Amino acid sequence: MSEEIKYDTADQADVMTGTDRVEPAGATPVDGMGCHAGAAEMEAAARMAGNSEILDQYAKDYPQGPHDKPQSMCPAFGSLRVGLRMRRTATVLSGSACCVYGLTFVSHFYGARRSVGYVPFNSETLVTGKLFEDIRDSVHEMADPDKYDAIVVTNLCVPTASGVPLRLLPSEINGVRIVGIDVPGFGVPTHAEAKDVLAGAMLNYARAEIEAGPVPAPVGGKNDRPTVTLLGEMFPADPMIIGQMLAPMGLAVGPTVPCREWRELYSALDCGAVAAIHPFYTASVREFQAAGRPVVGSAPVGHDGTAAWLSNIGDAFGLSADKVAAAQNAFLPAIKGALGAMPIDGTITLSGYEGSELLVARLLIESGANVAYVGTACQKTPWSADDAAWLESKGVSVKYRASLEDDCSAMEAIKPDLAIGTTPVVQKAKELAIPGLYYTNLISARPLMGPAGAGSLAQVVNAAMANKDRMDHMKAFFEGVGREDTAGVWEGSPNLRPEFRAAHQKKLDKQARAAKAAEMV
């Protein structure tokens, strides 16, 4: 599909026609029929139910590393959020009611403005295959082309483990596309990577539509310059800033994937190159590569990062050195000036699960900070190799698939002036009177690219580090009131009951020995 995409001159193009396929005979029940069965048991059940191919692909796309998996929120939140942000797109969940409640609560807490569909089930409908029929009936009922371009159906842990086959849903109903995905907690490590599961599935569908014939043109018409598609969610100003940096090279910024509208997927595929700003979108990268599009890693952050990225973009488009130099000369002095005007002086540990941690670390270091440790819950990919090499050349310890224990151990050992991380890392830091900033809300929600990103972090970081005296005062004030299971003010001695703790520890040790023996068998 490396040739130019053909757009339909009409407002809507014909979409692929799908038909109802063979109905499943029934699902394989999960022992205990719930998310409490355990990841290993649910994965085994999913493989017995015929989902080995999906799980093997997830293991290839999102390898978990030496430990079980990072500690993060339910991964399905990532794909759910992508669907809820798209116009004319409905989302339907199939899973345990408690999981669906939690996901819908969190999604609306983060600003979702539409309802989430839910297909409930019980033991009978799960085992007999009636759940699949209920899902199929639901999408048939919802498939109104006046309201929707697409309906996304997501299997959570239990339906995936039971083999509920979303692949047997019609690919299209009344002109509405049906996209079925499995996002089990035992197969997708983080919610960040679950965004890629849905983005990759949509790109795959859109690529098939393009290969089948003309597709709807972009709302604003096709750009007259070659475009660069951006891969990964980012601050709204960043794509505009990147577009300004591309202009001197005769290039334009394309859509950002995950997209906000279905027809943007066609424009995203109709690019000259893809910028993997967030490097963990492996399924999406696979679709772009299948379409013949080159993929460029890293991002235009800081002075060194911007210089290298613009050069790599120029190589991807086969541009002359003069054009690349024109873009570099137009923006690098401004970036250097912004970094020098807003210096950061202090030692920082940085961790998170958004996938942009290495980029933020680069920006902090060029601002003058001593970043001793960077931990990311996401995997190592070729698209972050340049960032990791640059950080390691500066003496930074980079940890992929970092666990909460990794992040807290690094913070406790380094004793930084500021700990940037997830909620439990920041909580631990404040217990130690170390200033902390929550990565997702206070760091990643800022411009990072080009001149605007160069000085965006200094104010909040310097303000947080200036709170060290306040943190020391708070720790001294609350000293002696107890901590963890003895927290609070006690009239007498806390009721520790060490015999209960010892008995519970014996149970845990026995379970561990039994699990070890089972592995040996």
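Residues numbered from 1 in each chain as written. Predicted model: local features only at pLDDT ≥ 70, side-chain atom pairs only at ≥ 80, totals over all residues. Heavy atoms only, no water.

Helix and strand content of the chain: 22 helices and 16 strands. Here the C-alpha radius of gyration of the chain, 25 Å, is about what a compact globule of 521 residues would show, namely 24 Å. Across its three principal axes, the chain shows a C-alpha extent of roughly 75 × 65 × 45 Å. Looking at the 521 residues of the chain, the share that counts as buried comes to 52%. Sequence separation of 24 or more characterises 75% of the internal contacts of the chain that already satisfy a separation of 6 or more. Within the structure as shown, the chain displays about 23400 Å² of accessible surface, and the carbon and sulfur contribution to it stands at 54%. (Helix = DSSP H or I, 4+ residues; strand = E, 2+ residues; numbered from the N terminus. Rg over C-alpha atoms; globule rule 2.2 N^0.38 Å. Buried < 20%, exposed > 50% of the residue type's maximum accessible area, 1.4 Å probe, protein only. Contact = heavy atoms within 4.5 Å. Areas by Shrake-Rupley, 256 points an atom, 1.4 Å probe, with all protein chains shown as cover.)

Attention now goes to the sheet that holds strand β14 (residues 397-400). If you trace the five strands from one edge of the open sheet to the other, you get β14-β13-β12-β15-β16, paired in parallel fashion. In this open sheet, the two strands that pair with only one neighbour each are β14 and β16 (436-438). The mean angle between the axes of side-by-side strands here comes to 10°, regardless of whether they run parallel or antiparallel. Pairing of strand β13 (residues 370-376) with β14, which is carried by four bridges, proceeds in the parallel orientation. Note on β14: the bridge partner recorded for G375 is K399. Sitting on the sheet, helix α16 (residues 404-414) is in contact with β12 (347-352), β13, β14 and β15 (418-421), with an inclination near 165° to β13. (Pairing = 2+ DSSP bridges. Axes fitted to C-alpha atoms, helices over the stretch in contact; angles between N-to-C directions.)

Throughout the structure, instances matching the rule amount to 13 salt bridges. Its salt-bridge partner being E209, residue R177 comes within 2.9 Å of it at the nearest N-O pair. Of this pair, R177 sits in strand β6 (residues 176-182) while E209 sits in helix α8 (residues 191-212); the two residues are 32 residues apart in sequence, bridging distant segments of the chain. E209 gets classed as buried once you look at its relative accessible area, which sits at 5%. In this structure, K222 and D270 form a salt bridge, with 3.5 Å as the shortest nitrogen-oxygen distance. Residue K222 is located in the loop between β7 (215-216) and β8 (227-231), and its partner D270 is located in the loop between α10 (263-269) and β10 (273-275); the two are separated by 48 residues in the primary sequence. According to the relative accessible area criterion, K222 is partly exposed, its value standing at 43%. Owing to a relative accessible area of 12%, D270 belongs among the buried residues under this scheme. A single network of salt bridges, built from pairs that share partners, joins R85, K195 and E233. (Salt bridge = Lys/Arg side-chain N within 4 Å of Asp/Glu carboxyl O.)

Looking at the element boundaries, G117 is found in strand β3 (residues 117-118). Accessibility expressed as a relative area gives 18% for G117, which makes it buried. For the pair formed by G117 and R260, sequence separation is 143 residues and the distance between their alpha carbons is 19 Å. Beyond its immediate stretch of four places on either side in the chain, G117 contacts T91, V92 and L93.

Now for helix α20 (residues 458-465). Looking only at α20, the buried set comprises A458, V460, V461, A464 and M465. Each element contacted by the buried residues of α20 is listed here: β12, α14 (357-366), β15, β16, α18 (439-442) and α21 (468-478).

Where helix α3 (residues 76-84) meets helix α4 (residues 97-109), the axes come as close as 10 Å, and the angle between the chain directions of the two elements is 50°. Relative to α4, α3 is oriented oblique. As for how α3 packs across α4, the hand of that crossing is right-handed. In this structure, α3 uses A76, F77, L80 and L84 to contact α4, whose residues at the interface are L103, V106 and S107. Here the residues of the contact of α3 with α4 sort into six nonpolar, one polar and no charged. (Parallel < 35°, antiparallel > 145°, perpendicular 65-115°, else oblique. Left-handed = near helix turned anticlockwise from the far one by under 90°. Nonpolar A, V, L, I, M, F, W, Y, C, P; charged D, E, K, R; others polar.)

So, on to the environment of S397. In this structure, S397 sits in strand β14. Residue S397 is classed as partly exposed on the basis of its relative accessible area, which comes to 41%. Between the C-alpha atoms of S397 and V371, which are 26 residues apart in sequence, the distance is 8.7 Å. Among residues more than four places away in sequence, those in contact with S397 are A372, Y373 and V374.

Moving on, we come to the sheet that holds strand β4 (residues 150-155). If you trace the five strands from one edge of the open sheet to the other, you get β3-β2-β4-β6-β5, paired in mixed fashion. Strand pairing shows two members of the sheet lacking a second neighbour, β3 and β5 (172-173), which therefore form its edges. On top of the sheet, α8 reaches β2 (89-94), β4, β5 and β6; it is set at about 140° to β6, its chief contact.

Take the packing of aromatic side chains next. Counted according to the given criterion, the structure contains four aromatic pairs. Consider the rings of F477 and F478, whose centres lie 5.0 Å apart with planes at 85°: the pair is edge-to-face. Owing to a relative accessible area of 61%, F477 belongs among the exposed residues under this scheme. (Phe/Tyr/Trp six-rings, centres within 6.5 Å; stacked < 30°, edge-to-face > 60°.)

So, about the nonpolar core. I242, L364, I420 and V461 are the most contacted members of the largest nonpolar core, which has 58 residues in total. In this view, I242 contacts L230, M234, I277, P300, W309 and M449; residues no more than four positions away in its chain are not counted. If you look at the next biggest cluster of nonpolar residues, it comprises 53 residues, including L103, V183, A194 and W262. (Core = buried A, V, L, I, M, F, W, Y, C linked by side-chain atoms within 4.5 Å.)

On the surface, a nonpolar cluster with roughly 420 Å² of combined accessible area is contributed by Y101, F105 and F109. Relative to the helices and strands, Y101 is located in helix α4. The class of Y101 is exposed, set by a relative accessible area of 58%. (Patch = residues over 30% accessible without salt bridge, like charges linked within 9 Å, V, L, I, M, F, W, Y side chains within 5 Å.)

In this section: the pairing of β13. Burial analysis of β13 places five of its seven residues in the buried class, which makes it a mostly covered element. Two strands pair when backbone bridges link them, and β12 and β13 are joined in this way by six bridges, in the parallel orientation. The residue bridging T347 from the neighbouring strand is N370, located in β13. Crossover handedness for the path β12 to α14 to β13: right-handed. In terms of handedness, the path from β13 via helix α15 (residues 385-393) over to β14 forms a crossover that is right-handed. (Right-handed = clockwise from strand over helix to strand, strands pointing away.)

Within the element layout of this structure, R401 appears in the loop between β14 and α16. Since its relative accessible area comes to 3%, R401 is described here as buried. One polar contact links R401 to E193, side chain to side chain, over a distance of 2.8 Å. (Polar contact = N/O pair within 3.5 Å; in protein donor to acceptor, adjacent residues only side chain to side chain.)

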